[in-house]
Amino acid sequence: MMIVSANRTMPKKSRSLHLFGALIFCVAALMFSAPSQSATQVDVTYTNDGFTAQVQLTSLIELEVAVRFEDAIGVSAENFDLNFQLVSPLNTGVVNRLPGTLVTLPTDFPVLISIQPKTDRGFSFAGVAEIEVYTKNLHYVPGSPLRLFHSSNGEQFKDITVTTGAGSYRARGNMGTFSDFLIVADLRSPTAVISQKVSTLADYLQAQSTTIDSPTYNLLAAAMSTLQSQVSNGNYAGAQSTVNSFISILETADGAAMPSIWRSSRDLENVSGTLLAQARSLRYSLRIL
């Protein structure tokens, strides 16, 4: 803030400019510090296997969010905190969690979806959870860079898209955890996205090697090695076939082959669900290349 000496009188024109500058500074400060705007109306319908939320965020922005579970316990309003916010592209708490400057919030739909199962409740699910986001504020066109991203516990947002489509824009994703979701414009090259997804999948598989039974892990590791080689050599058609095999191994594995439960106390690692979610999103990227 500028301080003017009491012993010196500013020219009239300078005082006017000074006051104008101070006003601009205050407006800018308010823009940067203003809290995110929460939804004005949320109507949620729960069933045994999921829920659907109809959200009116502003008079111009609305969306529908549907979440489905393969096998869940405790799907009820008492067990979830749902929050839908309009966020500023200057919100570092969100932007700094995106994977680089080529991934941005769309100006027509800068919406953060937060689904938080309450930690002191008895909610849990097995395998993969599915989320679908639909909005008329965005429009699907072939080659659209719009993708569905997910972040768990404040970590970096990652692409979980498994399908996109018209109506006006609809995106579906899989996950083995919760809690934050965004639709973003991803302008990274498709091959860079595929390479990143392969690396992330390989790293997670290796990190969970001791939690997966040996026969299943050996099958997955062999498929993973082939997949890495194919992507490295630009053999994307072969990679599609291999990732399908990887997914098939996971989908047909015995329930005791690896941990497959996530619960709201967040004390279990849903290995099966996370591997499936990552592999299905990789398959999507390979299909649209």
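Residues numbered from 1 in each chain as written. Predicted model: local features only at pLDDT ≥ 70, side-chain atom pairs only at ≥ 80, totals over all residues. Heavy atoms only, no water.

Novice: Give me the pairing of strand 13 (residues 180-186): which residues, what numbers.
Specialist: Judged by how many residues are buried, strand 13 sits mostly within the fold: seven of seven residues are covered. Residues Asp-180, Leu-182, Val-184 and Asp-186 line one face of strand 13 and the alternating positions Phe-181, Ile-183 and Ala-185 line the opposite face, and both faces are buried. Examined bridge by bridge, strand 6 (residues 103-104) and strand 13 share two bridges and lie antiparallel to one another. Looking at the pairing, Thr-104 lines up with Ala-185 of strand 13. Alignment of strand 7 (residues 111-117) against strand 13, held across three bridges, turns out to be antiparallel. Note that in strand 13 the partner of Ser-114 across the bridge is Asp-180. When strand 9 (residues 146-151) meets strand 13, the two strands line up antiparallel, connected through six bridges. Across the sheet, the residue bridging to Leu-148 is Ile-183, located in strand 13. (Buried < 20%, exposed > 50% of the residue type's maximum accessible area, 1.4 Å probe, protein only. Helix = DSSP H or I, 4+ residues; strand = E, 2+ residues; numbered from the N terminus. Pairing = 2+ DSSP bridges.)

Novice: Before we move on, could you go through the packing of helix 4 (residues 214-232) against helix 5 (residues 236-252) and cite the residues and values that matter?
Specialist: Two elements in contact, helix 4 and helix 5, have axes whose closest approach is 9 Å; the angle formed by their N-to-C orientations is 165°. Between helix 4 and helix 5, the crossing angle belongs to the class labelled roughly antiparallel. In terms of crossing hand, the pair formed by helix 4 and helix 5 is left-handed. Residues Thr-216, Leu-219, Leu-220, Ala-223, Met-224, Thr-226, Leu-227, Gln-230 and Val-231 of helix 4 lie in contact with helix 5, whose contacting residues are Tyr-236, Gly-238, Ala-239, Thr-242, Val-243, Phe-246, Ile-249 and Leu-250. Tallied by class, residues from the contact of helix 4 with helix 5 come to 12 nonpolar, five polar and no charged. (Axes fitted to C-alpha atoms, helices over the stretch in contact; angles between N-to-C directions. Parallel < 35°, antiparallel > 145°, perpendicular 65-115°, else oblique. Left-handed = near helix turned anticlockwise from the far one by under 90°. Contact = heavy atoms within 4.5 Å. Nonpolar A, V, L, I, M, F, W, Y, C, P; charged D, E, K, R; others polar.)

Novice: I'd love a proper account of helix 5, names of residues and values included.
Specialist: Compared with an ideal rise of 1.5 Å per residue, which puts 17 residues at 24 Å, helix 5 spans 24 Å between its outermost C-alpha atoms and is within 8% of the ideal. Where helix 5 is concerned, the buried positions are Tyr-236, Gly-238, Ala-239, Thr-242, Val-243, Phe-246, Ile-247, Ile-249 and Leu-250. Elements that come into contact with the buried residues of helix 5 comprise helix 3 (190-207), helix 4 and helix 6 (271-287). (Expected span 1.5 Å × (residues − 1).)

Novice: Account for unusual backbone geometry, naming residues and giving values.
Specialist: Note that the residue after Gly-167, namely Ser-168, is joined by a cis bond; omega there is -10°. Positionally, Ser-168 belongs in the loop between strand 11 (161-166) and strand 12 (169-175). You will see that Asn-153, though not glycine, has its phi angle at about 55°, which is positive. Residue Asn-153 is classed as exposed on the basis of its relative accessible area of 53%. A positive phi angle is found at Arg-266, which is not glycine, with a value near 60°. Among the secondary structure elements, Arg-266 is positioned in the loop between strand 14 (261-263) and helix 6. With a relative accessible area of 27%, Arg-266 lands in the partly exposed category.

Novice: Can you tell me about the nonpolar core, naming the residues and giving the values?
Specialist: In terms of nonpolar packing, the biggest core is built from 33 residues, with Ile-115, Ile-131 and Phe-178 touching the most fellow members. Listing elements by their share of this core, those giving two or more residues are strand 3 (50-56), strand 4 (62-73), strand 5 (80-86), strand 7, strand 8 (124-135), strand 9, strand 12 and strand 13. Those residues in contact with Ile-131 that lie beyond four places of it in its chain are Val-65, Ala-66, Val-67, Ile-115, Leu-148, Ile-160, Ala-171, Arg-172, Gly-173, Met-175 and Phe-181. The next biggest cluster of nonpolar side chains, apart from the first, holds 29 residues, and it includes Ile-212, Leu-227, Ala-239 and Ala-257. (Core = buried A, V, L, I, M, F, W, Y, C linked by side-chain atoms within 4.5 Å.)

Novice: Summarise the layout of surface pockets; cite the residues concerned and give the values.
Specialist: To find the voids left in a structure, one rolls a probe of water-molecule size over its atoms. Here the largest pocket is characterised by a volume of approximately 780 Å³. Lining of the largest pocket is provided by 34 residues; of these, His-150, Lys-158, Thr-200, Thr-274 and Gln-278 occupy positions nearest its centre. Where the lining of the largest pocket is concerned, the elements lending two or more residues are strand 9, strand 10 (158-159), strand 12, helix 3 and helix 6. For the lining of the largest pocket, the leading source of residues is helix 3, giving seven residues. As for the second largest pocket, its lining consists of 19 residues, of which Gly-143, Ser-144, Arg-147, Tyr-284 and Ile-288 are closest to the centre. Within the residue set of the lining of the second largest pocket, elements represented by two or more residues are strand 9, strand 11, helix 3 and helix 6. Among the elements that take part in the lining of the second largest pocket, helix 3 stands out by supplying three residues, more than any other. The residue makeup of the lining of the second largest pocket, split by class, is nine nonpolar, five polar and five charged. (1 Å grid on protein atoms, 1.4 Å probe; cavity = no way out; pocket = protein on both sides within 12 Å on 5 of 7 lines; lining within 4 Å. Points joined across faces, edges and corners; volume = space filled by probe spheres on them.)

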